[in-house]
Structures are given as structure tokens and as C-alpha cells.
Amino acid sequence: MSERVLLRHLDVPNIRKLDVYLAQGGYEAARKALTTLKPEEVTEQVKASNLRGRGGAGFVAGMKWGFLPKDSPKPVYLCCNADESEPGTFKDRAIIEWNTHILLEGILIAAYAIKSHTAYIYIRGEFALGAKHLEEAIAEAYAKGFLGKNIFGIGYDLDVYVHRGAGAYICGEETGLIESLEGKRAYPRIKPPFPAVYGLFGSPTIVQNVETLSCVPSIMKNGPAWFKAIGPETGPGPKIYCVSGHVEKPGLYELPMGMPLRAVIYDYAGGIRGGKKLKAVMPAGSSFPVLRPDEIDVNMDFDSMRKINAFLGTAGIIVMDEDTCMVRALEIVDRFYHHESCGQCSPCREGTGWLHKLLVRLEEGNGQAEDIDLMNKISDNMMGNTVCVLADAAAMPTQSYISKFRDEFLAHVTLGRCPLKKNGATHQHAA
Amino acid sequence: MPKLEIDGREVTVEDGLNLIQAAERLEIEVPHYCYHPGLSISGNCRMCLVEIEKMPKLQIACNTRVTEGMVVKTTSPKVKAAQAAVLEFLLINHPIDCPICDQAGECKLQDYYMDYGVYRSRFPLQEKVEKRKVVDLGPQVVLDQERCILCARCTRFLDEVTKTSELGIFARGDRCYIDLFPGKRLDNLYSGNVVDVCPVGALTSKDFRFKARVWYLEKTESICTLCANGCNIDIYHRRGQMYRFRPRSNPDVNQYWMCDEGRLWYKELQKESRILRPLVRGEQDFAAVSWDDAVDRVVSRLTHIKEEHGAGAIAGIIGAKATNEEVYLFSRLLTEHVGTELVAGLSWSPANASHDDFLIKADKNPNTHGLRALGLLNGGVSAADVLAAAEKGTVKVLLIFAEDLVPACGPEKLEAALGNVEVVVFDTDYSGTTEYADTVLPIGTAPETDGTFTNYAGRVQRIRPAFAPPGEAKPGWEVLSHLGVKCGGTDYLSSSEVFAELANKSPASAGLTYSKLGSHGVQLPEGEQSAKPATT
Ligand SMILES: Cc1cc2nc3c(=O)[nH]c(=O)nc-3n(C[C@H](O)[C@H](O)[C@H](O)COP(=O)(O)O)c2cc1C
Ligand code: SF4
Ligand code: SF4
Ligand code: SF4
Ligand code: FES
């Protein structure tokens with residue numbers, strides 16, 4: 001893959017401006033789709049491309065669109081999930097802020113495909129610049145007739161609204177997002193029914209991640225076969241890898257899906273900072289299992305990751321060097337889930353707090369050996385047993401940290417302090 | 001009608017039921033906190049997990065609809081372990097308040113942890129999340145945030161049933177708490193119901209708090225008599241004292257709810273003003289007499305007046321607070337045994353009586369419909385006709401059953417009408433009307449009486465005596481039966497006998513008996529509810 005698609009702003013300055021975007025062939029994919037294809041045909045092509053969701057779960061986008069009821073009298077809604085709050089994940093933000101029109105074009109094509117006339121972009125509240133750039137781009141698109149009434153003269157109408165969140169991770173969960181859009185507390189809904197059947201305002205709704213939608217124009221432009229050839233056929237396409245932590249060159253890397261994790265860390269991100277040794281990687285944001293250094297010869301795609309009991313998630317690659325305390329690292333992860341659990345389900349509400357408090361105690365050197373197994377048990381009891389998967393997102397890393405770095409957890413108990421700190425100094429905590 | 005198997009037993013149920021409801025049909029209780037049949041499904045407590053064949057994960061029973069051929073296990077080791085885990089989660093931050101908690105004895109948390117043997121074995125954490133303990137929500141309800149398990153039943157009730165949304169859930173995770181929205185008070189007509197829906201001791205009733213331990217109380221099925229809706233209730237009582245009313249579910253009448261005024265109505269039924277003995281007016285004041293003396297006196301007066309002035313000098317007015325049995329016996333006594341036609345029903349409510357489009361009816365009587373069905377409110381003789389006749393002097397004796405005529409007819413009118421008439425009052429409490437009485441016969445209130453009321457919609461519903469009337473008071477049907485016997489009528493042994501007889505007077509209710517009325521009553525067919533008045 002030679003040309004960057006999603007991070008094209010790195011190659012073409014100012015591509016967030018409509019005139020620049022148009023000069024690059026912008027909105028031609030949408031024009032082609034809307035003027036030459038029926039909605040069902042667009043859906044077919046997206047399905048044929050095997051485009052899988054980039055928001056974490058990796059569900060085949062075209063298939064999800066196919067779940068919409070055929071003859072519903074209700075309006076269909078498209079929600080673009082721009083709530084990007086997963087730790088170690090900052091890819092959607094780049095697209096929104098600097099390659100804004102590719103997202104709008106993706107929304108236009110997707111909305112046409114699912115016969116929706118109203119799309120909402122639910123954007124994380126902290127993304128003030130992103131919201132501003134979106135509003136500007138939307139205004140430009142309306143002015144040029146790419147949004148609004150009778151788009152491309154085919155009698156198709158689409159309105160796009162930006163809705164800014166108020167700052168909760170759970171608003172990124174698709175049904176939490178829908179509740180929040182409806183003006184309610186972002187309590188995820190029990191499923192079934194799924195949003196495709198009963199979503200926003202009780203109407204059929206498709207929720208799709210920013211990066212997922214931003215892939216759609218290139219599929220329309222180059223065809224599903226082109227897309228499928230980028231990386232593994234079962235989950236192909238251009239992919240943004242977010243690398244953070246103890247590497248020489250943290251940042252975003254747009255590469256084909258299925259890059260070896262080792263290559264991303266060492267060849268692209270410049271390897272471990274200061275020539276240190278690698279200790280651990282969270283390859284998928286914070287919601288999935290951690291990997292040891294001997295596990296990084298894996299390809300970063302949905303199916304390869306599953307084979308080693310890991311996940312691709314958002315491809316938020318958090319790299320930790322040899323000086324990292326794994327108890328402290330997990331304490332930070334679980335602090336996040338403790339803070340962000342919406343509090344609806346008993347196992348998640350109580351379990352996230354329980355885990356976090358045990359970790360704080362352990363990390364301060366006041367833990368007991370039984371606490372380690374207790375955390376495992378608590379995680380077991382949280383998993384697979386709640387309204388949304390936030391509980392699993394806390395339990396999975398917890399269990400993997402404990403099983404893969406057990407000695408370090410035990411050392412905190414036996415030494416009564418962190419073995420990596422001298423003179424019994426403890427870390428600072430934000431409660 | 002899907003057929004499924006639950007714990008090895010087959011059951012066929014209607015489509016659309018969830019697994020908690022289906023299991024109930026087999027008398028299997030799937031433990032649950034957040035599910036309530038009168039509210040939307042929330043699925044948050046995760047207590048109702050069950051194992052379903054061919055499903056890898058446990059499923060919540062409350063959000064799983066029955067399907068044909070489903071095989072469900074509610075007590076497998078996997079299910080038990082998961083439920084024990086949920087309980088453990090619920091208990092980590094729960095205060096150990098049971099000895100001072102009003103909910104003790106009817107707390108689902110207490111019940112289930114006994115069942116599951118989760119005895120707080122793993123409590124490594126000292127610091128529980130602290131929340132507010134005594135939050136005054138409104139006139140009826142107090143909240144203890146620490147006891148709350150965040151099942152959202154209360155908020156769903158206020159969002160979905162009253163649509164007043166006074167309460168919300170605030171904060172996130174284990175810091176979540178229930179509270180009033182800013183500027184709001186939990187002060188709606190149905191606010192007390194949140195106490196009933198709360199599965200733990202987080203919401204308690206100001207009225208009932210600390211009054212009694214529930215396990216000392218008896219429970220009797222009854223009907224609220226404060227308005228014509230006839231909400232089904234349970235009376236909680238002990239030794240003739242009532243402690244609270246709570247709604248009893250009846251899908252056709254009140255679903256699971258009752259209004260706050262009805263809930264507190266028990267207090268009005270056990271006031272100081274109760275009449276405890278039969279009374280006869282003496283030189284100045286009432287003198288207590290025995291029942292025999294009182295009844296003999298009434299009978300001899302009736303006989304005497306009839307001989308002297310004819311049956312037309314005797315009249316009766318009966319209020320819509322009387323049971324169907326009382327109305328029937330009263331009407332029979334006067335029309336059949338005495339032979340007068342001057343018998344009127346009276347259903348009176350204040351002009352500005354409160355009502356809404358949910359449960360509360362402007363008709364503040366429990367049995368207006370029954371009076372009408374028994375022919376006493378059908379444009380025949382009215383209470384006004386009777387009083388006019390009394391004023392003219394043609395009526396010499398007036399029997400007034402279960403109605404205070406002062407607010408209903410106005411004091412001047414009553415003074416004019418009753419000034420020169422001999423008055424016999426059958427009632428529970430002293431009132432403006434008993435001031436005019438020459439003889440007072442004390443009868444029981446609804447909680448002390450066996451009988452039926454017919455609600456505004458024509459549903460015949462049963463009340464059962466929770467305890468005997470105080471002092472020497474007797475259930476009204478018994479007093480009327482006694483009088484009837486003395487006047488040559490039938491001696492009824494029970495109110496059920498009276499009911500069976502009166503039911504057969506009308507084709508609409510023919511064949512009805514108390515046992516057929518059951519707990520939920522029977523709806524009479526529309527249009528043909530009216531029975532002929534008892535004929536002479
Ligand atoms: C706790 C939680 C937080 C989530 N946050 C996000 C998010 O910020 N952005 C996102 O796209 N998806 C997020 N998801 C995933 C969404 O629920 C949903 O699967 C996704 O938006 C679907 O889009 P996709 O198929 O294009 O990935 C989250 C899921 C969970 C359980
Ligand atoms: S799993 Fe956690 S975050 Fe998700 S709905 Fe339940 S309590 Fe909320
Ligand atoms: S107060 Fe009671 S009903 Fe309301 S959420 Fe808490 S436990 Fe549930
Ligand atoms: S609505 Fe009427 S019958 Fe029901 S509880 Fe209130 S007063 Fe009683
Ligand atoms: S009763 Fe089913 S989850 Fe609470």
C-alpha cells in the first residue's frame with residue numbers, strides 16, 4: 001500500500017478543506033455510489049470488501065447493515081461513533097480533526113446505503129477542535145450540495161448533526177451512545193433488541209466507528225477487491241495503529257491491516273525508548289489482555305490476534321518497558337474502569353471498585369497473597385455477565401496481568417512494597 | 001403457546017412471557033431484584049441468571065422470552081454459583097444494618113443470602129463507599145442510599161407509571177446513588193408505591209418506619225374503600241390494630257399500585273370516634289344497652305309505627321359505603337318485612353373530590369355500583385324524597401345505614417327533616433347524623449366485615465374480616481340479619497349465604513359465590529348488571 005488513505009492529511013496539507021479535498025478527487029466515490037448504484041448494491045460492495053468495525057469489536061460492517069428491517073415504516077438513523085475514549089487510542093481524533101471530509105463522505109455513502117436521511121456524529125466532549133472542524137466541513141458540504149436536499153440531483157436528502165458528549169467512556173458503547181443522544185443517562189441497553197432493529201428513538205439504527213466509516217469511500221472508489229487485498233482477506237483494509245508508551249517514536253501509523261506487532265513497535269515506532277528491554281504490550285487499548293515480549297510475533301488483525309487469546313480492539317498499542325511496575329500498570333487500568341463503569345450492573349459496579357481497591361492496597365504493599373486469587377475470581381464473576389462488555393474490559397486485562405506477571409504481584413506481597421522502587425518508596429495515587 | 005421445560009418439568013405458557021413469569025407457573029422462583037412485572041425490563045441486577053440449553057452463557061431470565069422447546073435450568077451448580085457471586089457483589093458495599101432496618105423480614109437481600117449461604121466470607125475491604133443514610137424525599141418516603149442496590153425500580157416507577165420523574169441515579173460506578181432531581185420533592189399522589197417496589201430497605205415509609213417488625217403482623221386480603229376504584233390491598237394488622245395497607249396486585253383494577261391517600265386510609269378506620277356499644281337516647285345523653293334490648297326496641301318501634309301509621313311511615317337510607325350484602329338485607333328488611341317503598345340509596349362525594357385518569361375516582365364510595373345494581377340508585381325513591389317526606393311528617397321512623405347525612409344533605413335540611421322523626425343509625429363512628437339518633441347500632445368497618453363491593457367498573461370484589469369489630473360492634477350484615485329474623489325473615493349464618501342469594505336475583509351474577517370471586521373478584525357483564533330490587 002503506497003498511499004495513505006485515513007491519514008492522508010500527512011501527505012496533503014489542508015485536506016480538511018473542501019477545495020483541497022475535491023482537488024484530490026474527494027466526493028467522487030460518493031458521486032459514483034449515489035448516481036450509479038442502488039443502496040442495496042452499495043451495501044453489497046461494502047459487505048464484499050469484508051470491512052470490519054474499527055471501534056473494537058470487529059463486526060463485519062456490511063453484514064450489520066443487512067440486519068436492518070426491510071420494510072420498517074420508521075426512519076433509519078446512522079450514528080457515527082466519535083466518542084473515542086479507549087485508553088491508548090487516538091486515531092479517530094486525527095481523522096476528525098485533519099481528514100474531516102473523508103469521514104463525511106463515508107457517512108454520506110453509508111447513510112445512502114442504509115436509506116437513512118439523518119446522521120448523528122456523537123463526538124467526545126473533549127474534542128473541541130474536532131467538533132469545530134466537523135462543523136466547518138459540514139457547512140462546506142452543505143454549501144456544495146454534498147449534504148442537504150437532493151444530493152447529486154438524485155432526489156436523496158441527508159442531514160448531518162454533530163452532538164458533543166459530556167465526558168463519559170460509556171457513551172462510546174453503542175447503546176449508551178444512543179441513550180445519551182436521546183438526552184438520557186448513558187446506561188447501555190440490554191440486548192436484544194439490537195440497535196439495527198430498535199435503536200435511536202426506537203428506530204432502526206446503525207452505529208459505526210469513525211475509522212470504519214472513513215474506509216468506505218476508498219471501497220467505493222477502488223472496489224471491494226482492492227480493499228480485500230490490503231492485509232488478510234477476512235478483515236482487510238488500511239488501518240491506523242496508535243502507538244504510545246515507552247517507544248522512541250510514539251504516534252499514529254497507517255499501515256495495512258495485519259502488520260506484525262513486532263514490526264509496528266520496532267520498525268515503525270523506533271523500538272523501546274533508551275534501548276531498554278520490552279516488558280509488556282497492551283495491543284488493543286486497555287480493554288483486552290496484555291502480551292508478554294514472547295507473544296509479539298503476531299499479526300495485528302482480528303483473526304490472528306484471536307488465535308493467541310488476544311484481540312485487535314482499537315489497535316491502541318501501549319508499550320511498557322522493563323522499568324514498569326505491572327501492579328501499578330494494572331492499578332491504572334482498573335482505576336479507569338472503576339471510574340468509568342456506568343454503575344448499572346451489580347457485577348460491574350461493585351467488581352470494578354473492588355478490583356481497584358485491592359490493587360491500590362497491593363501496590364501500597366499492604367496486600368495479601370489471597371488477594372491475587374481473589375482478583376481472579378472477581379474477574380471471573382464479572383465476565384460475560386453484564387449489560388455491556390465494560391465489565392469484561394476490566395476483567396480481561398486483570399486476569400492476563402495476574403497470570404502473565406504473577407511473580408511481580410506476589411513480590412509486592414512478600415516485600416511489602418514495589419520491588420522496582422528503592423527505599424520502600426510508593427507510587428503516587430490519584431484515587 | 002410455546003411448550004418448554006424448566007427444571008425438568010414441562011410447561012405450556014402464552015407467547016411473550018419471560019422466563020421469570022414462566023417459572024412462576026410452576027411455582028419456581030427465579031431470584032431477582034430489578035425485574036418487576038409492572039415496570040419495563042432493566043436487566044441490571046443480574047440475579048435472575050439461568051442456564052438455557054444450547055446457549056453457551058448464562059442468560060438473564062427477565063429479558064429472555066419463552067420459545068418452543070426451550071430447556072431451562074434455574075438451579076444448576078453454574079446458576080447457583082453465578083447468583084452467589086452477584087449477591088457477594090451486592091453485599092460488598094452494603095451496610096450491615098439488618099437489626100435496625102425496617103425492611104428486615106421482607107428484604108430480598110436478606111432472603112437470598114440466607115438461601116445462598118453467602119455469609120460475607122470474603123470481606124477484605126474495610127473502606128465501604130459512604131453515602132447518605134437518612135434522606136427525606138417527601139411526605140411519605142425516606143431514603144437510605146447505602147442500603148440501595150441500584151435496581152432502578154423506583155426510578156422506573158416514577159418515569160413510567162406516574163411519569164413524574166422525581167428521582168434519578170447520579171454519579172457513576174460504585175459511587176452511584178439515588179436522589180431527588182434538584183428542586184424536586186417526591187410528592188405525587190402515588191409516591192408510597194416506591195417503598196413497595198424497593199426490594200431492600202433503601203426506601204422506607206415514614207408512616208410505617210419503626211412501628212412494627214413485619215413478622216409480628218398478620219396479613220388479610222381486602223379492598224380499599226376510599227374510592228370507587230376498589231384497589232386490591234393487604235391489611236397488615238395485629239390484635240385488632242392496623243399498621244399499614246399495601247397494594248395487592250390485580251391486573252384488572254390497580255395492577256400493583258395504590259394511591260397515597262388510600263394507603264393512609266387505615267388510620268381513619270381506627271379512630272377514637274368508633275361507636276363501641278348499642279346506644280339508646282336517654283333523658284339527656286345516650287345510654288348503652290345490650291344488643292337484645294336495642295334490637296327489641298327497634299323491632300317494637302317498627303311494629304308499633306306500622307300498626308299506627310302504616311308501613312309508609314317507615315323509611316330507610318343506605319349509603320354506598322355499605323357492602324352488597326348489607327344493601328340487600330337492608331332493602332329486604334324494609335321492603336319485604338316492613339313493607340315500605342321508601343328505601344333510598346345515597347352515594348355522596350364532596351363536589352370537589354380529587355380524581356385522575358389513573359386509579360383515583362371522584363366517587364369516594366366503594367359500592368355506588370353495587371347500590372345501583374341492587375336497584376337503589378335507579379331513579380326510584382331518592383334520599384331527598386325520603387327527607388322531604390320526613391319533613392312533611394309522613395315518615396315517623398327513619399333507618400340510616402352507613403352514611404353521615406350532614407355533609408351529604410346539609411345541616412339545615414337535615415335539621416328540618418329529622419327534627420321530629422325517630423332515627424335509627426347503623427354506623428361505625430359518631431357523626432353529625434348520630435346526633436339525631438334515638439337508637440345507634442354500632443357496626444364494623446370494612447376491615448372487620450365479610451362482604452363484597454362492586455367497583456366503578458362493575459367488578460364484584462371481596463372484603464374479608466381481618467379481626468372482629470371493637471367493643472360490642474358487629475358486622476352490619478349480622479345486625480341486619482338479626483333484625484330480619486325478628487321481623488319474620490331468614491336467619492343467615494354467614495355473609496356468603498347472603499351473597500349467594502342476592503347474586504341469584506340477577507342473571508348477570510347468577511351462580512356467583514365467594515369462592516368464585518377468589519382474590520381478584522369477578523367482572524359483571526356490561527349493561528346487564530342491574531338486579532331487580534328485592535320484591536315484596
Ligand atoms: C465500554 C465501551 C466503550 C466503547 N467506546 C467506543 C468508542 O469510543 N468508539 C467506538 O467507535 N466504539 C466504541 N465501543 C464499541 C461500540 O459499542 C460499537 O461496537 C462500535 O461503535 C461499532 O462500530 P464499528 O463496528 O464500526 O466498530 C465501545 C464499546 C464499549 C463496550
Ligand atoms: S457492564 Fe458496567 S458499564 Fe456496562 S452497563 Fe453494566 S455497569 Fe454499565
Ligand atoms: S432505592 Fe430501592 S428501588 Fe430504588 S434503586 Fe435503590 S434499591 Fe432499587
Ligand atoms: S385509588 Fe381509590 S381505591 Fe385505590 S387506593 Fe386510592 S382511594 Fe383507594
Ligand atoms: S431481574 Fe433480571 S437482571 Fe435483574
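Note that the structure is a prediction, hence the values are computed from the model and not measured.

(A) Region of the structure containing the overall build of chain B. In terms of regular secondary structure, chain B is built from 15 helices and 23 strands. For the C-alpha atoms alone, the extent of chain B along its principal axes is close to 90 × 50 × 35 Å. The buried share of chain B, reckoned over its 536 residues, is 58%. Partitioning the contacts of chain B with sequence separation of at least 6, the portion at a separation of at least 24 is 65%. Total accessible area on chain B stands at roughly 22,000 Å², and carbon and sulfur atoms take up 50% of it. In chain B, which carries 60 positive and 72 negative side-chain charges, the distance between the mean positions of the two groups comes to 6 Å.

(B) Region of interest: the overall build of chain A. Of the regular secondary structure elements, chain A holds 17 helices and eleven strands. Whereas a compact globule of 431 residues would reach a radius of gyration of roughly 22 Å, chain A reaches 22 Å, a difference of no more than 12%. Counting only C-alpha atoms, chain A reaches 75 × 45 × 35 Å along its principal axes. The burial tally for chain A puts 62% of its 431 residues in the buried class.

(C) Local environment of the layout of surface pockets. Quantified by volume, the second largest pocket comes out at close to 1,200 Å³. Around the second largest pocket, the lining comprises 40 residues; the ones closest to its centre are Glu179 of chain A together with Ser40, Ile41, Arg156 and Glu160 of chain B.

(D) Geometry of the environment of Gly451 of chain B. Residue position: Gly451 of chain B is located in strand β21 (residues 451–454). Ignoring anything within four residues of it in the chain, the contact list for Gly451 of chain B reads Thr323, Glu325, Gln461, Arg462, Ile463, Ser495 and Tyr514 of chain B.

(E) Just the site of ligand 1, in detail. All names here are of chain A. The environment of ligand 1 is made up of 19 residues, and the closest members are Gly55, Asn81, Gln208, Asn209 and Thr212. Note that an oxygen atom of ligand 1 is positioned 2.6 Å from one of the backbone N or O atoms of Gly55. Between ligand 1 and Glu84 there is a distance of 3.3 Å, counted from an oxygen atom to a backbone nitrogen or oxygen. When the free accessible area of ligand 1 is taken as 610 Å², the share hidden by the protein chains comes to 90%. In terms of residues, the shell around ligand 1 owes the most to one element, strand β5 (residues 205–209), which gives three residues.

(F) Quick look at the side chain of Thr335 of chain B. For Thr335 of chain B, the position within the fold is in helix α8 (residues 324–338). Under the relative-accessibility criterion, Thr335 of chain B is labelled buried at 14%.

(G) Highlighting unusual backbone geometry. Following Lys191 of chain A, the chain continues to Pro192 of chain A via a peptide bond in cis, the omega torsion being -5°. Mapped onto the secondary structure, Pro192 of chain A falls in the loop between α8 (174–181) and β5. One non-glycine residue, Asn50 of chain A, lies in positive phi territory at about 60°. For Asn50 of chain A, the location among the structural elements is in the loop between α3 (39–48) and α4 (61–66). If you check the backbone angles, Leu150 of chain B has positive phi at about 60° while not being a glycine.

(H) Focus on the domain arrangement of chain B. All names here are of chain B. Per the domain assignment, the segments of chain B are domain 1 (3–91), domain 2 (127–270) and domain 3 (279–353 + 360–523). The interface is formed by 25 residues belonging to domain 2 together with 22 residues belonging to domain 3. Both sides of the domain 2 and domain 3 interface together cover about 2,100 Å² of buried area, and 58% of this is carbon and sulfur. Its largest share of buried area at the contact with domain 3, domain 2 owes to Glu221, Thr225 and Ala228, together 25% of the area lost on that side. Arg459 is the salt-bridge partner of Asp252, the closest N and O atoms lying 3.1 Å from each other. Summed over the shared surface of domain 2 and domain 3, the number is 13 residue pairs in polar contact (both at pLDDT 80 or more). Of all the elements in the fold, those that place two or more residues in the side of domain 2 that touches domain 3 are β11 (218–223) and β12 (232–238). In terms of residue count, β11 provides more of the side of domain 2 that touches domain 3 than any other element does, four residues in total. Here the residues of the side of domain 2 that touches domain 3 sort into twelve nonpolar, ten polar and three charged.

(I) Spatial organisation of the domain arrangement of chain A. Residues and elements named next belong to chain A. Entries for chain A in the domain assignment read domain 1 (8–228), domain 2 (238–319) and domain 3 (326–421). Averaged C-alpha coordinates put domain 1 and domain 3 at centres separated by 36 Å. Listed per partner, the contact involves 14 residues of domain 1 and nine residues of domain 3. Between domain 1 and domain 3, the buried area comes to about 880 Å², and carbon and sulfur atoms account for 69% of it. Counting across the domain 1 and domain 3 interface gives zero salt bridges. At the boundary of domain 1 and domain 3, one finds three residue pairs in polar contact (both at pLDDT 80 or more). Considered class by class, the residues forming the side of domain 1 that touches domain 3 number eight nonpolar, one polar and five charged.

(J) Region of interest: the packing of aromatic side chains. Applying the stated criterion to the full structure yields 27 aromatic pairs over all chains. Judged by centre distance (6.3 Å) and plane angle (50°), the ring pair of Trp226 of chain A and Phe227 of chain A falls under tilted. Members of the aromatic cluster, connected to one another through ring pairs, are Tyr21, Tyr27, Phe146 and Phe152 of chain A. Sitting above the plane of the Phe286 of chain B ring, Arg281 of chain B keeps its charged end 4.3 Å from the centroid. Between the NZ or CZ atom of Lys361 of chain B and the centre of the ring of Tyr456 of chain B, over which it lies, the distance is 4.4 Å.

(K) Geometry of the pattern of salt bridges. Scanning all chains against the criterion turns up 59 salt bridges over all chains. For Arg328 of chain A, the salt bridge is made with Glu331 of chain A, and the minimal N-O distance between the two is 3.8 Å. Here Glu331 of chain A and Arg328 of chain A lie together in helix α13 (residues 326–340), a separation of three residues that amounts to about one turn. Taking relative accessible area as the criterion, Glu331 of chain A reaches 0% and is therefore assigned buried. Ionic pairing is found between Lys271 of chain B and Glu268 of chain B, a salt bridge with its closest N-O pair at 3.0 Å. Each member of the salt-bridge network shares a partner with another, and the members are Glu106, Asp196, Arg244, Arg246 and Arg263 of chain B.

(L) Representation of α8 of chain B within the structure. Residue and element names in this part refer to chain B. The end-to-end C-alpha distance of α8 is 20 Å, a good match for the 21 Å that 15 residues give at a rise of 1.5 Å each. A bend of about 30° at Arg332 is the largest found in α8. Judged by how many residues are buried, α8 sits mostly within the fold: 13 of 15 residues are covered. Gly339 lies just past α8 and shows a positive phi near 95°.

(M) Region of interest: the sheet that holds β12 of chain B. All names here are of chain B. Pairing is antiparallel in the open sheet, where three strands are placed in the order β11-β12-β13. Unpaired on one side and paired on the other, β11 and β13 (241–247) mark the two borders of the sheet. Across the sheet, the axes of successive neighbouring strands diverge by a mean angle of 30°, strand direction being ignored. Summarising the sheet, β12 and β13 pair through six bridges and their orientation is antiparallel. Paired with Asp234 across the two strands is Arg246, which belongs to β13.

Reading the values: rules and limits
- Residues numbered from 1 in each chain as written.
- Chains lettered and ligands numbered in written order.
- Predicted model: local features only at pLDDT ≥ 70, side-chain atom pairs only at ≥ 80, totals over all residues.
- Heavy atoms only, no water.
- Helix = DSSP H or I, 4+ residues; strand = E, 2+ residues; numbered from the N terminus.
- Buried < 20%, exposed > 50% of the residue type's maximum accessible area, 1.4 Å probe, protein only.
- Contact = heavy atoms within 4.5 Å.
- Areas by Shrake-Rupley, 256 points an atom, 1.4 Å probe, with all protein chains shown as cover.
- Lys, Arg positive; Asp, Glu negative; His and termini not counted.
- Charge placed at Lys NZ, Arg CZ, Asp CG, Glu CD.
- Rg over C-alpha atoms; globule rule 2.2 N^0.38 Å.
- 1 Å grid on protein atoms, 1.4 Å probe; cavity = no way out; pocket = protein on both sides within 12 Å on 5 of 7 lines; lining within 4 Å.
- Points joined across faces, edges and corners; volume = space filled by probe spheres on them.
- Near = heavy atom within 4 Å.
- Polar contact = N/O pair within 3.5 Å; in protein donor to acceptor, adjacent residues only side chain to side chain.
- Domains from an automatic or database assignment.
- Buried area = accessible area lost by both parts, 1.4 Å probe.
- Salt bridge = Lys/Arg side-chain N within 4 Å of Asp/Glu carboxyl O.
- Nonpolar A, V, L, I, M, F, W, Y, C, P; charged D, E, K, R; others polar.
- Phe/Tyr/Trp six-rings, centres within 6.5 Å; stacked < 30°, edge-to-face > 60°.
- Lys NZ or Arg CZ within 6 Å of the ring centre and 35° of its normal.
- Expected span 1.5 Å × (residues − 1).
- Bend = angle between axes of the 7 residues up to and from the residue.
- Pairing = 2+ DSSP bridges.
- Axes fitted to C-alpha atoms, helices over the stretch in contact; angles between N-to-C directions.

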